[in-house]
Amino acid sequence: MKGGSVGIFDSCVGGLSVWKELIKLLPAEKFLYFSDSAFCPYGPKGQEEITKRAFKITDFFLGRGVKLIVVACNTATAASIEALREKYDIPFIGMEPAVKPAALHSRSGVIGVLATQGTFRGKLYNRTLERFASDIKVIERVGEGLVEMVESGERNSSHTEKLLRRYIEPMVAEKADHIVLGCTHYPFLEDLIKKIAGPEVSIVNPAPAVALHTQHILSERGLLRDSDEQTESNIVNSTIFYSSGDYSVLKGLASSIIEGIPDENFNNQTI
Ligand code: DGL
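From a predicted model like this one, the values you see are computed outputs, not experimental measurements.

Comments concerning the nonpolar core
Soluble globular proteins tend to bury their nonpolar side chains together. Residues Leu-16, Trp-19 and Val-70 are the most contacted members of the largest nonpolar core, which totals 56 residues. For Trp-19, the residues in contact, after removing those within four places along its chain, are Ile-8, Tyr-33, Thr-239, Phe-241, Ala-254, Ile-257, Ile-258 and Ile-261. Within the second largest apolar cluster, 21 residues are counted, among which are Leu-32, Ile-50, Val-66 and Phe-92.

Focus on the packing of helix H8 (residues 158–173) against helix H9 (residues 190–197)
Running from amino to carboxyl end, H8 crosses H9 at an angle of 45°, the nearest separation of the two axes being 9 Å. By the angle between their directions, the pair H8 and H9 is classed as oblique. As for the relative orientation of H8 and H9, their crossing is right-handed in sense. Two secondary-structure elements touch here, H8 through Thr-160, Glu-161, Leu-164, Arg-165, Ile-168, Glu-169 and Val-172 and H9 through Leu-192, Ile-193, Lys-195, Ile-196 and Ala-197. A per-class count over the contact of H8 with H9 returns 7 nonpolar, 1 polar and 4 charged.

Regarding the pattern of salt bridges
Taken as a whole and assessed by the stated rule, the structure comprises 12 salt bridges. A salt bridge links Arg-225 to Glu-29; the nearest nitrogen and oxygen atoms lie 3.7 Å apart. One end of the pair, Arg-225, is in the loop between helix H10 (207–220) and helix H11 (232–236); the other, Glu-29, is in the loop between helix H1 (16–25) and strand E2 (31–35), with 196 residues separating them in the sequence. Here Glu-29 falls in the buried class, since its relative accessible area comes to 2%. Among the salt bridges present, the one from Glu-82 reaches Arg-127, with a minimum N-O distance of 3.4 Å. Residue Glu-82 is located in helix H3 (residues 74–87), and its partner Arg-127 is located in helix H6 (residues 123–132); the two are separated by 45 residues in the primary sequence. Sharing partners across several salt bridges, the network here consists of Glu-161, Arg-165, Glu-169 and Lys-195.

Here we look at the site of the ligand
In the vicinity of the ligand lie 13 residues, with Ser-11, Tyr-42, Gly-43, Asn-74 and Thr-75 positioned nearest. Side-chain polar atom of Ser-11 to an oxygen atom of the ligand: 2.6 Å apart, as the coordinates give it. Between the ligand and His-185 there is a distance of 2.8 Å, counted from a nitrogen atom to a side-chain nitrogen or oxygen. Coverage of the ligand by the protein amounts to 99% of the 300 Å² it exposes when considered alone. Its residues placed into classes, the shell around the ligand shows 5 nonpolar, 7 polar and 1 charged.

With respect to the pairing of strand E3 (residues 66–71)
Counting buried positions along E3 gives 6 out of 6 residues, so the element sits mostly inside the fold. Bridge analysis of strand E1 (residues 5–10) against E3 gives 5 bridges, and the strand direction is parallel. What sits directly across from Phe-9, in E3, is Val-71. Pairing analysis gives 2 bridges linking E3 to strand E4 (residues 92–93), with the strands arranged parallel. Residue Ile-69 lies in a different strand from E4, and its bridge partner there is Phe-92. Handedness of the E3-H3-E4 crossover: right-handed.

Structural notes on the sheet that holds strand E8 (residues 202–204)
What the 4 strands build is an open sheet, ordered E6-E5-E7-E8; its pairing is parallel. Edge positions in the sheet fall to strand E6 (137–142) and E8, since each has one partner strand and no second. Ignoring strand direction, the axes of neighbouring strands in this sheet form an average angle of 20°. Here strand E7 (residues 178–182) runs beside E8; their pairing, made up of 3 bridges, is parallel. Bridge pairing links Ile-179 to Ile-203 in E8.

Cut-offs applied
Counting restarts for each chain, with residues numbered from 1 along the sequence as it is written. In view of the model being predicted, local features appear only for residues whose pLDDT reaches at least 70, and side-chain atom pairs are presented and counted only at 80 or more, with totals across whole chains, interfaces and linings using the full set of residues. In computing side-chain properties, one takes all heavy atoms of the structure into account and sets aside hydrogens as well as water. Buried residues of nine kinds, namely Ala, Val, Leu, Ile, Met, Phe, Trp, Tyr and Cys, make up a nonpolar core once their side-chain atoms join them within 4.5 Å. Here's how the labels work: a residue is buried when its accessible area is under 20% of the maximum for its type, exposed when over 50%, partly exposed in between, all with a 1.4 Å probe on protein chains only. Only heavy atoms matter for contacts: two residues are in contact if any of them lie within 4.5 Å across the pair. To get an axis, fit a line to the C-alpha atoms, keeping to the stretch in contact for a helix; angles then go from 0 to 180 degrees between the N-to-C directions. Each helix corresponds to a stretch of at least 4 residues labelled H or I by DSSP, and each strand to a stretch of at least 2 residues labelled E; elements are numbered beginning at the N terminus. With respect to orientation, any angle under 35 degrees is reported as roughly parallel, any angle over 145 as roughly antiparallel, any angle of 65 to 115 as roughly perpendicular, and every other angle as oblique. Handedness of a crossing is defined here by the sense of rotation of the near helix relative to the far one, left-handed for an anticlockwise turn of less than a right angle and right-handed for a clockwise turn. The nonpolar class holds Ala, Val, Leu, Ile, Met, Phe, Trp, Tyr, Cys and Pro. Asp, Glu, Lys and Arg form the charged class, and all remaining residues, Gly among them, are polar. A pair is scored as a salt bridge if a Lys or Arg side-chain nitrogen falls within 4 Å of a carboxyl oxygen belonging to Asp or Glu. Throughout this document, a residue counts as near a molecule or strand when at least one of its heavy atoms sits within 4 Å of that molecule or strand. N or O atoms within 3.5 Å of each other form a polar contact, as long as, within protein, one can give a hydrogen and the other can take it, and as long as residues adjacent in sequence are counted only when both atoms are side-chain atoms. Per-residue accessibility takes into account occlusion by the displayed protein chains alone, with areas from the Shrake-Rupley method and a 1.4 Å probe. Pairs of strands are assigned from DSSP output, requiring at least two bridges between the strands. Seen with the strands pointing away from the viewer, any crossover whose path from the first strand over the helix to the second strand runs clockwise is right-handed.

Coordinates in, geometry out; function isn't part of it.
See below:
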């Protein structure tokens, strides 16, 4: 099964922040990326509805020879990772807000977490808080409206900055020295977040750690492609993209990360 692809999915384009790290680390692999744009955003949706979509996307991937799935969405991980692992035999890698490293490295004893409503409600997040942040002050903010800003390409607009200030400034005022990006869309707003938070605050993006974990699991299960299959030009053509809605935003953002992805790698796919 070494020859299979790695499936990646998100409610829309946010998972590209994880894809970006995966293609860098695993240049010999083939990827399928599914953006569930017709059902975006997942944040305010219930667990049952998100799990149904996760099953549909997984079935679609399995029909295309996927060997491992990265759930590149904190909200979908919170809602459905346990059900996915129970129902299917292949390995699933989930996202989890990086509360642990932030809490371990905090000098002020205060950290901020920006995530969706669904992620904050999840068992995984609350278990992590109990285990690693019981003696730390955690300021939580639902990043309402931010997914929509990324989707509409407003990554640097004054409207987005105004919205972000509402979430980030209270964290800084309470002396948070780490801000955890608990939604895969938010790394696309990292420059603005850094500007608002200032140089003393570390912004924690879990995507590189998730990519490393994926590499580890592939290797442990004997699923990693041989590195002699890797070439620079592979990367441009390594991913087939699907969107359950309009794929123009997906195409624009993916092509700004890797130039030269062929047009035919982008597809509309109703499931
Ligand atoms: N990118 C997602 C996450 O990591 C989903 C955001 C949404 O669809 O609300 O949570």
